[in-house]
Amino acid sequence: METRLNSSLAEVTDSSTLYFEPPPILNESETPTNEDIKRLVRKFNPAERDVRNRELGEQGERKVLDSERARLNAAGREDLARKVEWTSKERGDGAGYDILSFASSGQERLLEVKTTTGPKKTPFYLTENERSLSAERPDSFRIVRLYDFVREPKAFKISPPLESSVILSATNYRASFGT
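Thresholds applied
Residues numbered from 1 in each chain as written. Predicted model: local features only at pLDDT ≥ 70, side-chain atom pairs only at ≥ 80, totals over all residues. Heavy atoms only, no water. Helix = DSSP H or I, 4+ residues; strand = E, 2+ residues; numbered from the N terminus. Buried < 20%, exposed > 50% of the residue type's maximum accessible area, 1.4 Å probe, protein only. Polar contact = N/O pair within 3.5 Å; in protein donor to acceptor, adjacent residues only side chain to side chain. Contact = heavy atoms within 4.5 Å. Pairing = 2+ DSSP bridges. Right-handed = clockwise from strand over helix to strand, strands pointing away.

Comments concerning the side chain of Ser 134
- Inspection of the secondary structure puts Ser 134 in helix α6 (residues 128-136).
- A relative accessible area of 4% places Ser 134 in the buried class.
- A polar atom in the side chain of Ser 134 sits 2.6 Å from the backbone oxygen of Arg 131.
- When sequence neighbours within four positions are dropped, the list of residues in contact with Ser 134 reads Phe 141, Pro 160 and Leu 162.

So, in C-alpha cells, the structure goes:
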C-alpha cells in the first residue's frame, strides 16, 4: 500500500498554483454518527493508517508550499516567495500551522494544511493548538483543505471563526493527575 500511495502522490506534487473553490456549506444533519466512525475505524490497521496519513499530510503540505511560492512569484513578489516557510518541517509540528506564507501585500498567512484522499466533505482532525491559534490570529490563520488528493487534488480554504464552516467535536481527552 505504501508504494502505491508514494507513486500516486508523486504525480500530484508539481509546483503549479492550486485553484481554490468555495468550501462546502455547513449542514449539521449530515454529521456522521459515532457508530459510522467506529465502523470506518475498524476497517483499518491503525499503524498502517498512521504511516499513510503522515505521508499524505506531508505531500499535501509540499503541494501548498509550492503553490504559495508559485502564487507569490506570479504576483511579482519573489522577495516574499523566498520567505515562505515549511514551518512544520523547519521548526516542528507544534506551531499551530504548517506553512508560513504571505499575501501579496506582505501580511502573514498561517496555513494549516488538511489533506485527505476522500471527497470534499471527508472529516479531518484539528488539534486544540490549531483551533486556539485560529481564534487568536483570525486575520492570518486559514485551513487549506486538500481533498481527492491522489486522483485530482482540489482545495478550499476555511477562515475563522471555524465554527461557522465546520462542526467541531471533541474526540480525545487528556487525562492527568494534576498540574
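Here's the deal with the sheet that holds strand β6 (residues 154-158)
- Pairing is mixed across the open sheet formed by six strands, whose spatial order is β1-β6-β5-β4-β3-β2. At either end of the open sheet lies a strand with only one pairing partner, and these are β1 (20-21) and β2 (85-86).

Quick word on the pairing of strand β5 (residues 141-147)
- Extensive coverage of β5 is indicated by the burial of six of its seven residues.
- Here strand β4 (residues 108-115) pairs with β5 via six bridges, running parallel. Residue pairing for β5: Leu 110 is matched across the bridge by Phe 141.
- Note on the crossover from β4 through α6 to β5: the handedness is right-handed.
- As paired strands, β5 and β6 are joined by five bridges and run antiparallel to one another. Bridge pairing in β6 links Val 144 to Lys 157.
- Joining the antiparallel neighbours β5 and β6 is a turn of six residues, in which Asp 148 adopts a positive phi near 50°.

Some remarks on the environment of Leu 162
- Positionally, Leu 162 belongs in the segment after β6.
- For the pair Leu 162 and Ser 134, spaced 28 residues apart in sequence, the C-alpha separation works out to 7.5 Å.
- Excluding its chain neighbours within four sequence positions, the residues that come into contact with Leu 162 are Leu 126, Arg 131, Ser 134, Ile 143 and Leu 168.

Comments concerning unusual backbone geometry
- Cis geometry is found at the peptide bond from Pro 160 to Pro 161, where omega equals 0°.
- Its identity is not glycine, yet Asp 148 carries a phi of approximately 50°, on the positive side.
- Assignment of secondary structure puts Asp 148 in the loop between β5 and β6.
- In this structure Asp 148 comes out as buried when scored by relative accessible area, which is 11%.

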